[in-house]
Amino acid sequence: MPPPPPLLLLAALVLAAARPGCEPAWDPAGGCPWLAAVDSATCVDLQLRTCSDAAYNQTAFPTLLEHRSREVVESSSEYVLLSVLHHLLEGQCNPDLRLLGCAVLAPRCQGGRVRRPCRHVCEGLREACQPAFDAIDMAWPYFLDCGRYFASQQEGCYDPLEKLRGGLDEEEALPSGHPATFIHFTHHSYAQMVRVLKRTAARCAHIAKTYSIGRSFDGRELLVLELSSRPGQHELMEPEVKLIGNIHGNEVAGREMLIYLAQYLCSEYLLGNDRIQRLLNTTRIHLLPSMNPDGYEVAAAEGAGYNGWTSGRQNAQNLDLNRNFPDLTSEYYRMASARGARSDHIAIPQHYWWGKVAPETKAIMKWMRAVPFVLSASLHGGDLVVSYPFDFSKHPQEEKMFSPTPDEKMFKLLARAYADVHPMMMDRSENRCGGNFLKRGSIINGADWYSFTGGMSDFNYLHSNCFEITVELGCVKFPPEEALYPLWQHNKEPLLNFVEMVHRGIKGVVMDKFGKPVKNARISVKGIRHDITTAPDGDYWRLLPPGSHIVIAQAPGYSKVIKKVTIPARMKRAGRVDFILQPLRTGPKNFLLGPRRNGPGGAGPHGEPEEPGQEPLGARRLPEASGSKPWWWSYFRSLGQHQPRWLLKY
């Protein structure tokens, strides 16, 4: 082979000499020109414990960070960070960030070549996870520099997060001889659940789509199936409903009911079922079959019939998710006697963030901020009854005490909408499951049953516009497979009947005299001390029982408008009541917001600390004095001179 031309040889030498000191700034696009996606290397087994679940099993040394052995990697501050990051971020972006970091600390080696991770994966993850770092005042790790250590798809990069999706995109064939509308009444593993939801969305692509609201502590997607006439967007005056299952991992009936419901709604819509088509054309329905997929895995490992009363109940952090929401009910009771104080849209106390907040809980709260939910149900197991707020007694020492909300009449109607069409809840035998609730009509005020704080239903009511009930589907928390079809038959009609209740009451649009929507306007009902607010498009929905009501619309800078409305007892569609607000002539006056309830730093449904870019994850953890280190610095003190000062922002 002839020697290379002198100019090419010189260029090669210059490039080789440049490699060790390459800086991202050299490249206008922010990357290192020499970082090709594939380099020659000697592959060795990947033996790093923190990276044991990577999508590959061989790596190479030196690494992209010039670490020349496994021992050097394991003693590095970068590796220590990866091993504790899920604790520091309290489960957010886990395990995504860890696997992304492993792709740099232990690069993938295959066939004697090192492959680099994809830049677009890094960029997407940084956009999603940067707020979590900002919340604890931590700089983005230098070795996750998307421009320097990652490559483009054109350069032959690979997706380091591919294992998280492994098996979830593989289609599972239906039993032979069954039509596409077939519902398999069986227990679904996490992967099977995801496949069913995605397959359903594909079959009904014009009315359905899947999306994730976040990840569990162990990194499983909290996958939602949405069904509506225009999936993916809020339509003016179309109410939003959410149904949530499996908040307790070992209470699995709700998880399966929602998986079956998703398939049923899709199939019946395609078959021309008038009721289902009308429902989906006028309602936006969000189904979250499993809020606690990590706990489910623990329960499923024991199996139906063998699962104990509590095995798998909590999430992977050993937190009961239905005790993990902010206790706003205590705040409501505290200010109930204060004149002019608001008893709705209560701010989240700053001290709440000082405790351990599960990523699943945060995902639900963020979801509630993003979507103007009107109605919700949380599906549980362990008894047969429908309960409604408040769940926390107005006298904390009383374990059982009737503690109604201002919307007691409406909540009873919502609970009865489920119980009254459930054949087992209406069974007259007191010896059956749930028979002790028979005299109450199989519904009960939560605190009158047993009192607890931190529940999701109370939080929905006091922090947002959403009314949520809790449905206990049966006394067996993990029923055997043969019981699933009868459970579906018992709960199909109650689920549909409950969702249709979102169309009770009134709805409308609040606008100014020019027709411009007024967002966050308040809709008050005389005699009910609980207001709701308008969505960004100015539309609102106010669930109300039949009867005559005085309704008031008001917003800062506008005069309030009062209307009297009458809702007939048999009216099943929300009455249209619009408001046109006139600007105040004398300039803005103080709007009736009531006194602050939580002091500085409280976070309301539209409060600044709760915006996605300002997640209050580490609000308590900022440095107390100039020059002091953040709380998380203690994780790295033992590293001495190798402490990761590149994580400090100051």
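Remember, it's a predicted structure, so these values are computed and weren't measured experimentally. Per chain, residues are indexed from 1 in the order of the written sequence. Confidence filtering applies because this is a predicted model: local features only for residues at pLDDT of at least 70, side-chain atom pairs given and counted only at 80 or more, and all residues used for totals across whole chains, interfaces and linings. Water and hydrogen atoms were dropped before computing side-chain values, which therefore reflect all heavy atoms in the structure.

J.: Help me understand the sheet that holds strand E16 (residues 528-533), please; the structure alone is not making it clear to me.
T.: The strands that make up a sheet are held in pairs by hydrogen bonds between backbone atoms, and each pair lies either parallel or antiparallel. When DSSP finds two or more bridges between two strands, those strands count as paired. Each helix is a run of DSSP H or I of at least 4 residues and each strand a run of E of at least 2, with the numbering of both proceeding from the N terminus. Judged by pairing direction, the sheet is antiparallel, and its four strands sit side by side in the order E16-E15-E18-E19 without closing on themselves. Looking at strand neighbours, the two that pair on one side only are E16 and strand E19 (561-567), the edges of this open sheet. The mean angle between the axes of side-by-side strands here comes to 25°, regardless of whether they run parallel or antiparallel. Sheet topology places strand E15 (residues 522-525) next to E16; three bridges connect them, and they run antiparallel. With axes taken as lines fitted to C-alpha atoms, and helix axes fitted only over the stretch in contact, angles between N-to-C directions fall between 0 and 180 degrees.

J.: Could you clarify how one ought to interpret the side chain of threonine 329 in this entry?
T.: Mapped onto the fold, threonine 329 is located in helix H10 (residues 329-335). Judged by relative accessible area, threonine 329 falls into the buried class, the value being 4%. Filtering out sequence-adjacent residues up to four positions away, threonine 329 remains in contact with Phe390, Phe392, Asp458 and Leu462. Burial status follows relative accessibility: with a 1.4 Å probe on protein chains alone, a residue under 20% of its type maximum counts as buried, one over 50% as exposed, and anything between as partly exposed. In this description, contact between two residues means that some pair of their heavy atoms is separated by no more than 4.5 Å.

J.: What should I look at first to understand the confidence of the model for the protein in this one?
T.: The predicted coordinates of low-pLDDT regions are not to be read in fine detail. On average, the protein scores 86 in pLDDT, and the residues at 70 or more come to 84%. Predictor confidence is given residue by residue as pLDDT, running from a minimum of 0 to a maximum of 100. Note on residues 1-36: pLDDT is under 50 here. Beyond four places in sequence and across chains, it has 31 contacts.

J.: I tried to follow the nonpolar core on my own but got confused; where do I start?
T.: Proteins that are soluble and globular tend to have nonpolar side chains buried together. By convention a nonpolar core is built from buried Ala, Val, Leu, Ile, Met, Phe, Trp, Tyr and Cys residues, the set being connected through side-chain atoms within 4.5 Å. Judged by nonpolar contacts, the single largest core of 97 residues is most densely connected at Leu243, Ile364, Trp367 and Leu414. In terms of residue count, helix H7 (residues 253-270) provides more of this core than any other element does, 11 residues in total. Grouped together as the second largest cluster of nonpolar side chains are 50 residues, Ala151, Cys157, Leu161 and Leu647 included.

J.: What exactly am I supposed to notice about the sheet that holds strand E13 (residues 467-474) here?
T.: With mixed pairing, the eight strands of this open sheet are ordered in space as E6-E7-E9-E8-E10-E13-E11-E12. The sheet is open, and its two edges are formed by strand E6 (208-215) and strand E12 (443-445), each paired on a single side. The mean angle between the axes of side-by-side strands here comes to 25°, regardless of whether they run parallel or antiparallel. Of the pairings in the sheet, the one linking strand E8 (residues 240-245) to strand E10 (residues 373-380) comprises six bridges and is parallel in character. Paired with isoleucine 244 across the bridge in E10 is serine 378. Packed on one face of the sheet, H7 meets strand E7 (221-227), E8, strand E9 (284-288), E10 and E13 and runs near 135° to E8.

J.: Just to check I follow, could you spell out the packing of aromatic side chains for this structure?
T.: Any two aromatic rings considered together are summarised by their centre-to-centre distance and by the angle between their planes. Under the pairing criterion, centres of Phe, Tyr and Trp rings, with the six-membered ring standing for Trp, must be within 6.5 Å; the plane angle then separates stacked pairs below 30 degrees from edge-to-face pairs above 60, leaving the rest tilted. In the structure shown here, the tally under the stated rule is 28 aromatic pairs. Measuring from ring centre to ring centre gives 6.0 Å for tyrosine 56 and tyrosine 158, while their planes differ by 85°; the resulting arrangement is edge-to-face. You can see tyrosine 56 sitting in the loop between strand E2 (44-45) and strand E3 (58-59) and its partner tyrosine 158 sitting in the loop between helix H5 (119-135) and helix H6 (190-203), a full 102 residues away along the chain. The same class applies to tyrosine 56 and to tyrosine 158, which are both buried. Geometrically, the ring pair formed by tyrosine 388 and phenylalanine 411 is stacked, given 6.3 Å between the ring centres and 10° between the ring planes. Taken together, the residues span a long stretch of sequence, with tyrosine 388 in strand E11 (residues 383-388) and phenylalanine 411 in helix H12 (residues 408-419) at a distance of 23 residues. Take tyrosine 388 and phenylalanine 411: they sit in the same class, and that class is buried. Put simply, the rings of Tyr332, Tyr333, Tyr388, Phe390, Phe411, Tyr461 and Phe467 pair up and form one aromatic cluster. Both a distance and an angle decide whether a charge sits over a ring: NZ of Lys or CZ of Arg must be within 6 Å of the ring centre and within 35 degrees of the ring normal. Geometry around tyrosine 158 places arginine 108 over its ring, the cationic atom sitting 4.9 Å from the centre. In this structure, arginine 323 is placed above the aromatic ring of phenylalanine 452, and the distance from its NZ or CZ to the ring centre is 3.9 Å.

J.: What should I look at first to understand the side chain of threonine 200 in this one?
T.: Residue position: threonine 200 is located in helix H6. Contacts of threonine 200, omitting those with residues within four sequence positions, involve Leu225, Ala262, Gln263 and Cys266.

J.: In this structure, what is going on with the pattern of salt bridges? I would like to understand it.
T.: Think of it this way: side chains of opposite charge can pair up when their charged atoms draw near. For this analysis, a salt bridge means a side-chain nitrogen from Lys or Arg found within 4 Å of a carboxyl oxygen belonging to Asp or Glu. Within the structure shown, the criterion is met by 23 salt bridges. Of the charged contacts, one joins arginine 440 and aspartate 448 as a salt bridge, the two residues approaching to 3.1 Å between their closest N and O atoms. Put simply, Glu251, Arg313, Asp320 and Lys477 are held in one network by salt bridges that share partners.

J.: How should H6 be read in this particular structure?
T.: Owing to its 3.6 residues per turn, the α-helix aligns residues three or four sequence positions apart on the same side. Expected span of a helix: the number of residues minus one, times 1.5 Å. The end-to-end C-alpha distance of H6 is 20 Å, a good match for the 20 Å that 14 residues give at a rise of 1.5 Å each. Listed in full, the buried residues belonging to H6 are Tyr190, Met193, Val194, Arg195, Val196, Leu197, Arg199, Thr200 and Ala201. Taken together, the buried residues of H6 touch E6, E7, H7 and helix H9 (293-302).

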